[in-house]
Each structure stands twice: as C-alpha cells, then as structure tokens.
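Structural description and commentary
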Amino acid sequence: MPALNEELLAFIGKSPTPFHAVANMSALLDENGFKQLDEGDYWSQTEPGRYYVIRNQSSIVAFVLGSADPIETGIRLVGAHTDSPCLRVKPNPVTHKHSYLQLGVEVYGGVLLNPWFDRDLSLAGRITYSDGSSIHNRLIDFTRAAGVIPSLAIHLDRNVNDSRSINPQKHIPPILLQTDETSSIDDLLQSQLEEEHNAKGKILGYELSFYDTNPPAFVGINNDFIASARLDNLLSCFVGLKALLSADGTATTMLVCNDHEEVGSASAAGAQGPFLKSVIERLFPDGESRHRITANSLLVSTDNAHGIHPNYADKHDANHGPVLNQGPVIKINANQRYATNSETEAYFAHLCEQTDVPYQKFTNRTDLACGSTIGPITATEIGVRTLDVGVPTFAMHSIRELAGSRDSDYLYRVLTAFLNVADSPGAK
Ligand code: CO
C-alpha cells in the first residue's frame, strides 16, 4: 500500500473547504522551505529558490525557480482545483419549522444530491468578523456532526426507487437542532470563533459549506479503493504538491491550484482570472523572454476522470473505458473541452512509459456532453501547451467518491518525472 495514500487521506480529511486545503498546502510548503510571497508587496528580481503565492485564501501557485535558464527549459506546470461541489450556507439561512432549526443552502457546483441525505454533516469555511476597529478572516471547522438531511421514509413516497426528484430549495436544508428559541447563525459562529481562535467579534460575512464527517477510508477486501469526499480534486492537488516537493531545483516548476473550477472558473482566483498570469508576468517581467519561456513550457492539468462503471458500462464509449488502478487517464476531446493535443498526449504517454507507469486514454461517448477542467481555460489564458489527465474515479461529485488506491502513486511517479526532466518538454 503506497504510504502516499495515508498522507493523502489525512490531507483530504482535514481540508473540508478550499480555504482549509490551501492552508494545509501552505503549511506543508513552509515545512519544506518554501517562502510565501505577498501579491501586495514589491517583488524584486526573485532569486532561484522555492516560493508560493496565495489569492483569496483559496487558490495557490507554488513554484521552484530553477537554476537552469527558464528560456531553455520552460516552466513545467501542474494544475488542479481546490474546490468541490457542496452545499453552501445562505447569508440569512435560519428557518424554524415544526420545532426544527434549519439552515438554507445554495448548491455550489454540480452536486450529486442524493448521497447527501442521511449523512452526519459538519460545517466549515471562512468567516470575517469585526473586533470593533478592523475586520479579520478566520477559518473555522465545527468538526463534529452538526447537521443532517434525513431522507423521507419509503412509506411516504412509494415510488422513490423508480423516480425521485430533489428540489434543492425545499428538500435539502439541513436540520441543525431542535429548539423553540429563535437562535441566529451569528450565535453559532461566534461561539465557534471563540472556541477555535479565542476571539470575539461581530460576524459580518462568511463562506461556509457542509461536509460529511465520515473520514476518508480504504475500501475493498484488499484495500483496492480509497473512498472520500473531494477526491475531485484534492487528490490531484495533494499529489501535485508532493511531486513539486520532489523537484530537484534545476528546471523551473510550478503547481497552480485554483478555486471556482466547479462553477466555471470565472473569478479573480479562478483559472479564468489573472492569478497565474500575473505571477508569471512578475517573475519574468521582460516580455520577450516571457514569451520564449511560455513557448517552451507545458501544463499537465490534473483532474479526475470517469472510470467505467461495471453496472453502467454503456455510459462509456466501448473502446474508452478507463479502469481504476490501471494508471492515469489522458483525456481527449476534439471540441477542446480537454486541452490535450497529439503532441502533449504523446509526451505524457512517453513519460509514463519511461517511468513504468501504466496509462489509459479517455474520450466521451459521442452522444454525451463532455465535462471540462482548468486545462483548456488556463491554456487559453496563458497560451501554454497543455494536456488533461487524471486518475479514474467512480461517483464523481458525490459526497463520497471512489478512486483506486494504486493510481495516486502512479500519478505521483509520472508527475515527479515530469517536474524533473532536464530538457524542454514536448516533441523535438
Ligand atoms: Co474536478
């Protein structure tokens, strides 16, 4: 069993929101000698070394400025996203009905709603409070099971197994407690702020999501699988980060993990925003050099792929059914929903062959709409050669997804090789 999985599951378990994921990545980078740069500071000519930048506490660019000339080697980029579909608490969420206090929620991204019922849910995210003179951001995580969305009994909906539809406004507000009193969300958050941060103040804003308290786990008689929330895409964030930590410091290497992928990437911190572009521009302020660097760079956009499901095998093209534990999947779409082209596809396949990592290729059924990733968006923004890969998974966007326990290590090995290749990536 790859030791990497133990760390991966611990990382996902303590990263219920993009804010927590970035805080945990930041801590790991600090431990490994990376220096944080502030976007608001003056960046003088940056010396070779290890750095990272955070935007909105939910997106991060970490990089090793190598000793080799980046015009010769290009930048080896690995991309992923920090967000996952979830239920987000509304600004005025509290309702009282039949003695129950519930919180109204928005659906963030393409949530598979059914699996959210009958889970022991907790609540986490960022709050911004005022201490009277200034405002402060703090991350909070209730950790304990604080709410639940009970199913309706089958006796009250006899057709549920044939046709169940979920109205997100009516059916999914989680129940937090039973009370006759009118309590406010602020009371709950203030006591959590005091408990976690020993701070007091007026809550002025928050981004809080529900999540499943069931911890990530190995599943299967032989532990063939890992089951967890947010495998899409914290698995890629963590594996990409571990690969970056292994970079030998010769070539310039970079990991970009953006928030807001699940809602289209159009935000200041999202892949369609200027975050990555501005970091690259500030590191390489000379335009001519930067264009040459970009031309020699390559981005491996990592995001999970759909494994062929034995009970629903006809949802895949018969010749393109990735199998769990058979290696990373190169994702291809003629309509550029994935950024892979024949050169970047071949480059990644070549890397896999050189590192003894199996790989698979995926394209959607021609009669099904294809998903997308940060790959095509980043390629469009930066102009860098890109490909889309990811480990095959089941139940994407469920509150409990499933991946193969060997694929994380396969992905780690090939990304590590990619970040440590001496010459410029791509065809000669
Ligand atoms: Co994803």
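Residue positions are given per chain, counting from 1 as you read along its sequence in written order. Note on the predicted model: pLDDT of at least 70 is required for a residue's local features to be given, and 80 or more for side-chain atom pairs to be given and counted; whole-chain, interface and lining totals, by contrast, use all residues. Values reported for side chains reflect all heavy atoms of the structure, with hydrogen atoms and water molecules removed beforehand.

Moving on, we get to the pattern of salt bridges. Salt-bridge detection follows one rule: a side-chain nitrogen of Lys or Arg within 4 Å of a carboxyl oxygen of Asp or Glu. Under the criterion given, the structure shown has eleven salt bridges. Between Asp 212 and Arg 119 there is a salt bridge, and its shortest N-O distance comes to 3.2 Å. Of this pair, Asp 212 sits in strand E10 (residues 202–212) while Arg 119 sits in the loop between strand E6 (100–108) and strand E7 (121–130), and the two are 93 residues apart along the sequence. Residue exposure (1.4 Å probe, protein chains only): buried if accessible area is under 20% of the type maximum, exposed if over 50%, otherwise partly exposed. Look at Asp 212 and you get buried, because its relative accessible area is 7%. Taking relative accessible area as the criterion, Arg 119 reaches 21% and is therefore assigned partly exposed. A salt bridge links Asp 367 to Arg 365; the nearest nitrogen and oxygen atoms lie 2.8 Å apart. Where helices and strands are cited, they refer to DSSP runs of H or I of at least four residues and of E of at least two residues respectively, numbered from the N terminus.

Per the annotation, domain bounds derive from an automatic or database assignment of domains. You can read the domains of the protein chain as domain 1 (2–84 + 229–420) and domain 2 (93–207). The straight-line distance from the C-alpha centre of domain 1 to that of domain 2 is 31 Å. Across the boundary between the two partners, domain 1 contributes 18 residues, which contact 17 residues of domain 2. In terms of surface lost to domain 2, no three residues of domain 1 exceed Phe 19, Gln 57 and Ile 399, which account for 40% of the buried area on that side. Whether two residues are in contact is decided by their heavy atoms, any of which lying within 4.5 Å being enough. Here the quantity called buried area is the total loss of accessible area, with a 1.4 Å probe, experienced by two parts when brought into contact, counted for both.

If you trace the backbone, His 81 turns up in strand E4 (residues 75–81). Among the polar contacts made by the side chain of His 81, one reaches the main-chain carbonyl oxygen of Asp 83 at a distance of 2.9 Å. At 3.0 Å, the side chain of His 81 and the side chain of Asp 232 are in polar contact. Excluding residues that lie within four positions of it along the chain, His 81 makes contacts with Asp 232, Asn 233, Leu 234, Cys 237, Asn 258, Glu 261, Glu 262, Asp 303 and Ile 374. Each polar contact in these results corresponds to two N or O atoms within 3.5 Å; when the atoms are within protein, one needs to be able to donate a hydrogen and the other to accept it, and residues that are neighboring in sequence are counted only if both atoms are side-chain atoms.

Here we come to unusual backbone geometry. In this model, Asp 232 is joined to Asn 233 through a cis peptide bond whose omega is 15 degrees. The residue Asn 233 is located in helix H6 (residues 231–245) in this model. At Gln 57, a residue that is not glycine, the phi angle is positive and equals roughly 60 degrees. Along the chain, Gln 57 turns up in the loop between strand E2 (49–55) and strand E3 (59–65). Assessed through its relative accessible area of 27%, Gln 57 is described here as partly exposed.

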